[in-house]
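# A closer look at the structure
One letter stands for each residue in the lines below.
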Protein chains: 2
Amino acid sequence: MTKPVEKKYKFAVIAVDPIIFSLIDNQLHVLLIKMKKDPYQDTWAAPGGLVGGDESLDEAVWRLTKDNTGIKDPHFEQLSTFGEVERDPFGRVVSVAYLTLLNADKVEIKTTQEYGEIRWFSVKRLPKLAYDHRDMVQAAVERLQERLLESNIVASLLAEEFTLTALQVVYETILGKKLDKRNFRKKILSLKILKKTGHQELFKANRPAELYKFVSKRVQPVEILG
Amino acid sequence: MTKPVEKKYKFAVIAVDPIIFSLIDNQLHVLLIKMKKDPYQDTWAAPGGLVGGDESLDEAVWRLTKDNTGIKDPHFEQLSTFGEVERDPFGRVVSVAYLTLLNADKVEIKTTQEYGEIRWFSVKRLPKLAYDHRDMVQAAVERLQERLLESNIVASLLAEEFTLTALQVVYETILGKKLDKRNFRKKILSLKILKKTGHQELFKANRPAELYKFVSKRVQPVEILG
DNA sequence: GCAAAAGTGTTAAAACTACACCCATGG
DNA sequence: CCATGGGTGTAGTTTTAACACTTTTGC
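The residue numbering used here restarts from 1 in each chain and proceeds along that chain's sequence as written. Working convention: letters from A go to chains and numbers from 1 go to ligands, in the order in which they are written. Side-chain atom pairs in this predicted model are given and counted only at pLDDT of 80 or more, local residue features only at pLDDT of at least 70, and totals for whole chains, interfaces and linings cover all residues. To obtain the side-chain values, all non-hydrogen atoms of the structure were included, while hydrogens and water were left out.

### Let's talk about the pairing of strand β1 (residues 13-24) of chain A
Residues and elements named next belong to chain A.
- Summarising burial for β1: 11 of the 12 residues are buried, a large majority.
- Whether two strands pair depends on DSSP finding at least two bridges between them. Each helix is a run of DSSP H or I of at least 4 residues and each strand a run of E of at least 2, with the numbering of both proceeding from the N terminus. In this sheet, strand β6 (residues 93-101) lies alongside β1 in parallel orientation, the contact comprising 9 bridges. Bridge pairing in β6 links Val-16 to Val-96.
- As paired elements, β1 and strand β4 (residues 49-50) share 2 bridges and run antiparallel to each other. Across the sheet, residue Ala-15 finds its bridge partner in β4, namely Leu-50. Each residue's exposure class comes from its accessible area (1.4 Å probe, protein chains only) as a fraction of the maximum for that residue type: buried when under 20%, exposed when over 50%, partly exposed otherwise.

The structure is reproduced here in structure tokens:
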């Protein structure tokens, strides 16, 4: 993800690192690539890379995400910038971490020549990560939990239509704690950010669940839970 | 604050920009320096600068703050990173903005050869600012308001001992709205982050006020107001 | 004794928490 | 008819919001 740079140099290299989350099997997962080059050969890392001279940070994170994973135009939020001197053994690289949450079923993960492998990992069972990417993932999980409570960021994770139970499970999984069913429903419906589709989830061995959708999938501030 | 860089270059220059707030005459002020060099000659800007090859971002913001303003080791929080391609007319400079709040009376602002002038400006009456520093100040004000509600960041602004009314005025000024005196006192005292010093503010033409101090001035999360 | 800011308590409304049973379907 | 998850209401508690008068001092 980086190229050699002289340490003494006053110029640095700017990287961006997308921390891409999804839920798989009711576990929060993060998308990582296996690096081919030394000294991190065969080590997993966020699918980031260097920022081009003629692109903004936002443009770079979209481009790299598309090139490295095939995922197009997710909603990114800037997380934090990592600038310890020794964070990259090749030289001075400052990296701006970004965060997104998306539906793993809706994206097809693409492998590239540059990276050997690309895979979702449960955040509870991360492999050894290159650079300070473990810190990045850690910080991203915490930020994601905060964002869950103050925005409708989950909208980008869920299918177009979903049951309230499915929504609750997402919250429980990411927050790592159980929520009360009745209180959750009362609260989320009072926010007027969902509407019934009129459809039902059928063909299951139980009472069919009402399907809901977000009034707007645009990520915006909402006080979700207190 | 920047040096010429070729645009095509893949390397960029990293800058840090401290957004330094204080309260003066019951108005939120930000510390700015007047630039000497083209193309921003005589334009005001945050007292930032370039990050050295052998220092972290955090180290750089402390060094530059000390060199440019004389202020030593304030509590900085990373705000956001600004990386639009054209944000600096000299070339590609990515800047990491930092935020701090301090007591203007306790620091002596130092002028340097490099910058013509250094001054506090009310955030309500900002001059024309260099680069995207107006956006930075704007973002910093919003973040500061959030931090006021979820941490004891005000501790770094106040004198060692202060009255509850003084504390309330700080909140009102930064948040830009009036608060109820009784409710404010009830809430802030219930948090157990203050303790009475036993001293009083005397020699005023009114009933003397009790003086309080923070149990810990270390900035840490606290749910202040809901 | 007057001006000025400090200090203090109650009530109503809203938000949150805990909790248990009936319902609609597939098999 | 049974197993499964869906759906619903209420009561107790806590938190917030609104609001006005008495106290202590300097002059």
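### As for the relation of the copies chain B and chain A
- You can overlay chain B on chain A at an RMSD of 0.1 Å; the transform is a turn of 180° with a shift of 0.0 Å along its axis. Those values place the two copies in the arrangement expected of a two-fold rotation axis.
- Only heavy atoms enter the contact rule, under which two residues are in contact if any of them lie within 4.5 Å. Of the interface residues in chain B, 100% have counterparts in chain A that sit at the interface too, so the contact is made through matching surfaces. Least squares is the method used to superpose the copies, on C-alpha atoms of residues holding a pLDDT of at least 70 in both.

### A word on the protein's contact with DNA strand D
- Whether a residue is near a molecule or strand depends on its heavy atoms: it is near if one of them lies within 4 Å of it. For DNA strand D, the set of nearby residues contains 22 residues, the closest of which are Lys-181, Asn-206, Arg-207 and Glu-210 of chain A together with Arg-207 of chain B.
- The sugar and phosphate moieties of DNA strand D supply 43% of its atoms located within 4 Å of the protein.
- Separating a base oxygen of DNA strand D from a side-chain N or O atom of Arg-182 of chain A is a distance of 3.3 Å.
- At 3.3 Å, a backbone N or O of Asn-206 of chain B approaches a base oxygen of DNA strand D.
- Of all the elements in the fold, those that place two or more residues in the surface near DNA strand D are α4 (181-190) and β9 (209-214) of chain A together with α4 (181-190) of chain B.
- When residues are sorted by character, Ala, Val, Leu, Ile, Met, Phe, Trp, Tyr, Cys and Pro go into the nonpolar class, Asp, Glu, Lys and Arg into the charged class, and all the rest, Gly among them, into the polar class. Taken together, the residues of the surface near DNA strand D sort by class into 5 nonpolar, 5 polar and 12 charged. Polar contacts here mean pairs of N or O atoms no more than 3.5 Å apart (in protein, one a potential hydrogen donor and the other a potential acceptor; neighbouring residues in sequence count only if both atoms are side-chain atoms).

### Brief notes about the packing of helix α3 (residues 164-175) of chain A against α4 of chain A
Residues and elements named next belong to chain A.
- Geometry is summarised by axes, namely lines fitted to C-alpha atoms with helices restricted to the contacting stretch, and by angles between N-to-C directions that run from 0 to 180 degrees. Two elements in contact, α3 and α4, have axes whose closest approach is 11 Å; the angle formed by their N-to-C orientations is 100°. Regarding the angle of α3 to α4, the classification is roughly perpendicular. Along its contact with α3, which presents Leu-164, Thr-165, Leu-167, Gln-168 and Tyr-171, the element α4 presents Lys-181, Phe-184, Arg-185, Ile-188 and Leu-189.
- Taken together, the residues that form the contact of α3 with α4 break down as 6 nonpolar, 2 polar and 2 charged. Oblique is the label for any angle not covered by the other classes, which are roughly parallel (under 35 degrees), roughly antiparallel (over 145) and roughly perpendicular (65 to 115).

### Focus: the domain arrangement of chain A
Residues and elements named next belong to chain A.
- Its domain assignment divides chain A into domain 1 (13-148) and domain 2 (153-214).
- Where each domain starts and ends follows an automatic or database-derived domain assignment. Spacing between the C-alpha centres of domain 1 and domain 2 amounts to 28 Å.
- Each side of the interface is counted separately: domain 1 has 14 residues, and domain 2 has 13 residues.
- A quick way to say it: buried area is the sum, across both parts, of accessible area lost when two parts are put together, with a 1.4 Å probe. Summed over both sides, the interface between domain 1 and domain 2 buries roughly 1300 Å², with carbon and sulfur atoms accounting for 71% of that surface.
- Among the residues domain 1 hides against domain 2, the three largest losses belong to Leu-23, Leu-101 and Leu-148. Together they make up 46% of the total.
- Note on definitions: salt bridges are taken to be side-chain nitrogens of Lys or Arg within 4 Å of carboxyl oxygens of Asp or Glu. Counting every contact that joins domain 1 to domain 2 gives 0 salt bridges.
- Remark: the boundary between domain 1 and domain 2 carries 4 residue pairs in polar contact (both at pLDDT 80 or more).

### What to know about the protein's contact with DNA strand C
- In the neighbourhood of DNA strand C, 22 residues make up the surrounding shell, with Lys-204 of chain A together with Thr-165, Lys-181, Asn-206 and Glu-210 of chain B lying closest.
- In DNA strand C, the atoms that sit within 4 Å of the protein are 43% sugar and phosphate, with bases accounting for the remainder.
- Interatomic distance of 3.4 Å between a side-chain N/O atom of Asp-180 of chain A and a base nitrogen of DNA strand C.
- Here a phosphate oxygen of DNA strand C sits 3.4 Å away from a polar atom, N or O, in the side chain of Lys-187 of chain A.
- Those elements that provide at least two residues to the surface near DNA strand C are α4 of chain A together with α4 and β9 (209-214) of chain B.
- Here the residues of the surface near DNA strand C are counted per class, giving 5 nonpolar, 5 polar and 12 charged.

### Notes on the pattern of salt bridges
Residue and element names in this part refer to chain B.
- Applying the stated criterion to the full structure yields 14 salt bridges over all chains.
- A salt bridge links Glu-117 to Lys-34; the shortest N-O distance between them is 3.3 Å. Here the residue Glu-117 occupies a position in strand β7 (residues 117-122), and Lys-34 occupies one in strand β2 (residues 27-34), the gap between them amounting to 83 residues.
- Take Glu-117: its relative accessible area is 32%, and that puts it in the partly exposed class.
- Residue classification places Lys-34 among the partly exposed residues on the basis of a relative accessible area of 21%.

### Quick notes on a negative patch on the surface
- Residues Asp-54, Asp-58 and Glu-59 of chain A together with Glu-84 of chain B make up a contiguous surface patch of negative charge.
- Within the secondary structure, Asp-54 of chain A sits in the loop between β4 and α1 (57-69). Exposure above 30% relative accessible area and the lack of any salt bridge qualify a residue for a patch; like charges then connect within 9 Å, and the nonpolar side chains Val, Leu, Ile, Met, Phe, Trp and Tyr within 5 Å. To be clear on the numbers: accessible area is Shrake-Rupley with a 1.4 Å probe, and residue cover counts the displayed protein chains and nothing else. Only four residue types enter the charge count: Lys and Arg as positive, Asp and Glu as negative, with His and the chain ends excluded. The atom standing in for a charge is NZ when the residue is Lys, CZ when it is Arg, CG when it is Asp and CD when it is Glu.

### Some details on the environment of Thr-112 of chain B
- Locating Thr-112 of chain B in the fold gives a position in the loop between β6 (93-101) and β7.
- Spatially, the C-alpha atoms of Thr-112 of chain B and His-75 of chain B are 23 Å apart, while their sequence positions differ by 37 residues.

### Here we look at the packing of helix α2 (residues 133-150) of chain A against α3 of chain A
Residues and elements named next belong to chain A.
- Following both chains from N to C, one finds α2 and α3 inclined at 145°, their axes separated by 9 Å at the closest point. Between α2 and α3 lies a crossing of left-handed hand. Facing Leu-144, Gln-145, Leu-148 and Leu-149 of α2, the residues of α3 in contact are Tyr-171, Ile-174 and Leu-175.
- Looking at the contact of α2 with α3, its residues break down into 6 nonpolar, 1 polar and no charged. The sense of a crossing depends on the near helix, which, turned anticlockwise from the far helix by less than a right angle, makes the crossing left-handed and, turned clockwise, makes it right-handed.

### Side note on the side chain of Ser-95 of chain B
All names here are of chain B.
- In this fold, Ser-95 is placed in strand β6.
- Polar contacts involving the side chain of Ser-95 include one to the side chain of Asp-17, which spans 2.6 Å.
- Discounting residues that sit within four places of it in the chain, Ser-95 has contacts with Ala-15, Val-16, Asp-17, Ser-80, Thr-81, Phe-82, Arg-87 and Met-136.

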